[in-house]
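The primary structure of each chain is shown beneath.
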Amino acid sequence: MAVTDALFTVALSVLLPPFLLVLVTVLVLASLGKSLGLRQKYVQFLLKVFEDGNRILVKKFGRQRMAQKEEEQQHAHEDTDDEDEDEDPSSTDVISRDKLILRPLLDKDNNERLDDTHEFGLGDCLDYIRTGMEAIVDDEVTKRFSAEELTSWNFLTRTNCQYEFISVRLTIFWVVGFILRYFLLLPLRILILIIGMVIMVASTYIVGCLPESKMKKRLNNRVSVFCFDFLSGALSLVCTYHNQENVPLRGICVANHTTPIDVLVLACDNTYDLVGQRHGGFLGIFQRALSRASAHIWFERSESKDRYAVARRLREHVEDPEKLPILIFPEGTCINNTSVMQFKKGTFEVGGIIYPVAIKYDPRFGDAFWNSSRDSMVSYIYMMMTSWAIVCDVWYLPPMTRKEGESSIEFANRVKAEIARQGGLVDLVWDGGLKRSAPKKEWKEQYQQEFSRRLKVQNVTTVKKEEKTE
């Protein structure tokens, strides 16, 4: 027992001074809005470590993979020699999307399949069966709600590839990284999070007590950016902001949605009023604190009355030139940062200027995607705080307005396409609500109506033929 107490005392005396020094430095620099660039150097060092580990993996598995590749090529060459030379090569494809419908049609007039008026047979159903099987084999929707796969290992056992015991060198890297993340970074980050929460609650309370004035608005801007920048230290956030001449000053700012951290990322560079679902627990503390200092809009997604009230408040907010820009995530749910899914049209019916923002995270340092169906907010924050860092890029795009004669859906799709293009994301038409609910009834009925129209055309032509023969 005495030996244990002695070891604990020695460890405490060795680790506590540098820990306190780092903490005080973070507090002082955050209060002054300054940085030593330590996070950037830390990220650059991690990249070198990841590259070294990847070289070890390539060296370990390179020969095996090359041998497998040569064997596969040899088998493929033998198979092609046995095939008929006149055979269409496309017939060997497992999945071919030509003339198939894998999503709801956006243009109902562009459907040439209704011209087919041949006699009905059981084979007419095969296209639909084949489409359904292809959707199961290569589902481009549900895989957007799971963690993004990495091409190389980042020394985190929670990722898809686990190589910690392949070689002695990799094992040493992994053990040192585990100790660094859980015994040094995690306690420091938890302390920063607690202090940051206390500072935010106290600061927003003080700002909320002030009367409405320009001074209150300026103070709120300074306090908001300071608090969020301080809290970003709890995640070792390293964010690069591009095209800052397009930073929103008023109107509506829309961005793709990967995680609740999106708010933190954007609020470290600018002040926003937020619109979102009302939460309890940890997120609820943030929401109540922020609402004291500014005009944020929280609602219950399940209540239709709230949706009408939100639309009205949004319109009033946009029309007031004194209000802050309002930040909205039109997807309505978190996507795994590989794609952008359908934007809800309500945001684009309000009017005013839309400021698109594209956010792209680097998954090598930590997967920022929040799978709310699987992980609670507390467990998600724990995973983020035990990751290496959160690294991302933000692009402020030029403001966009609704064109004359353009519908709200067309405007939403145009903004979504710009965000996807800038962020290097896949532009999908599917609704992110499929994460929790079944496909819309109208989508199913669209296929049924198409098939029934074909049957009606076929029946009419058959009756006419019978009348002629009589």
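Rules used in this analysis
Residues numbered from 1 in each chain as written. Predicted model: local features only at pLDDT ≥ 70, side-chain atom pairs only at ≥ 80, totals over all residues. Heavy atoms only, no water. Helix = DSSP H or I, 4+ residues; strand = E, 2+ residues; numbered from the N terminus. Buried < 20%, exposed > 50% of the residue type's maximum accessible area, 1.4 Å probe, protein only. Contact = heavy atoms within 4.5 Å. Areas by Shrake-Rupley, 256 points an atom, 1.4 Å probe, with all protein chains shown as cover. Arc of directions from axis to C-beta. Pairing = 2+ DSSP bridges. Axes fitted to C-alpha atoms, helices over the stretch in contact; angles between N-to-C directions. Expected span 1.5 Å × (residues − 1). Phe/Tyr/Trp six-rings, centres within 6.5 Å; stacked < 30°, edge-to-face > 60°. pLDDT = per-residue confidence, 0-100.

A.B. asks: Describe the overall build of the protein chain, naming the residues involved and giving the relevant values.
C.D. replies: A count of helices and strands for the protein chain gives 12 helices and 9 strands. In the protein chain, buried positions account for 40% of the 470 residues. At a minimum sequence separation of 6, the contacts of the protein chain that also span at least 24 residues come to 79%. For the protein chain, the exposed surface amounts to about 27800 Å²; the carbon and sulfur share of it is 58%.

A.B. asks: Explain helix α10 (residues 377-385) residue by residue, including any values.
C.D. replies: Buried residues of α10: Met-377, Tyr-380, Ile-381, Met-384 and Met-385, and no others. Mapping the buried residues of α10 onto a view down its axis gives an arc of 135°, with all of them on the same face.

A.B. asks: Help me get a handle on the pairing of strand β2 (residues 252-255), residues and values and all.
C.D. replies: Within a regular strand, the side chains alternate between the two sheet faces. Neither face of β2 is open: one carries Ile-252 and Val-254, the other Cys-253 and Ala-255, and all of them are buried. Relative to strand β5 (residues 326-328), β2 is paired through 3 bridges, and the arrangement is parallel. By the bridge assignment, Ile-252 is partnered in β5 with Ile-326. In terms of strand pairing, β2 meets strand β7 (residues 354-361) through 4 bridges, oriented parallel. Looking at the pairing, Ile-252 lines up with Ile-354 of β7.

A.B. asks: Talk me through the sheet that holds strand β1 (residues 237-242); I want residue IDs and the actual numbers.
C.D. replies: What links the strands of a sheet is backbone hydrogen bonding, and the strands pair in either a parallel or an antiparallel sense. Read across the open sheet, the 7 strands follow the order β1-β8-β7-β2-β5-β3-β4; overall the sheet is mixed. Looking along the sheet, the strands with just one partner apiece sit at the ends: β1 and β4 (297-299). Strand-to-strand twist across the sheet, computed as the mean angle between neighbouring axes with direction ignored, equals 20°. Seen against the sheet, helix α11 (residues 408-423) touches β2, β7 and β8 (390-396) and runs at an angle of roughly 35° to β7.

A.B. asks: Explain α11 to me, using residue names and the numbers behind them.
C.D. replies: Given a rise of 1.5 Å per residue, 16 residues ought to cover 22 Å, and the 23 Å separating the end C-alpha atoms of α11 matches this to within 8%. On its buried face, α11 is in contact with β2, β6 (339-340), α9 (346-349), β7, β8 and β9 (426-427). Where α11 ends, the next residue or the one after it, Gly-424, has phi of about 65°, a positive value.

A.B. asks: Give me the packing of aromatic side chains: which residues, what numbers.
C.D. replies: Considering all chains together, one arrives at 11 aromatic pairs under this definition. Residues Phe-226 and Phe-230 carry aromatic rings whose centres are separated by 6.3 Å and whose planes lie at 40° to one another, so their mutual orientation is tilted. Of the two residues, Phe-226 and Phe-230 are both situated in helix α5 (residues 214-232); the distance of 4 residues between them amounts to about one turn of the helix. With a relative accessible area of 2%, Phe-230 lands in the buried category.

A.B. asks: Report on the confidence of the model for the protein chain, specifying residues and quantitative values.
C.D. replies: Residues at a pLDDT of 70 or more form 67% of the protein chain, whose mean pLDDT is 76. Here residues 83-114 scores under 50 on pLDDT; set against residues more than four positions off or in separate chains, the count is 42 contacts.

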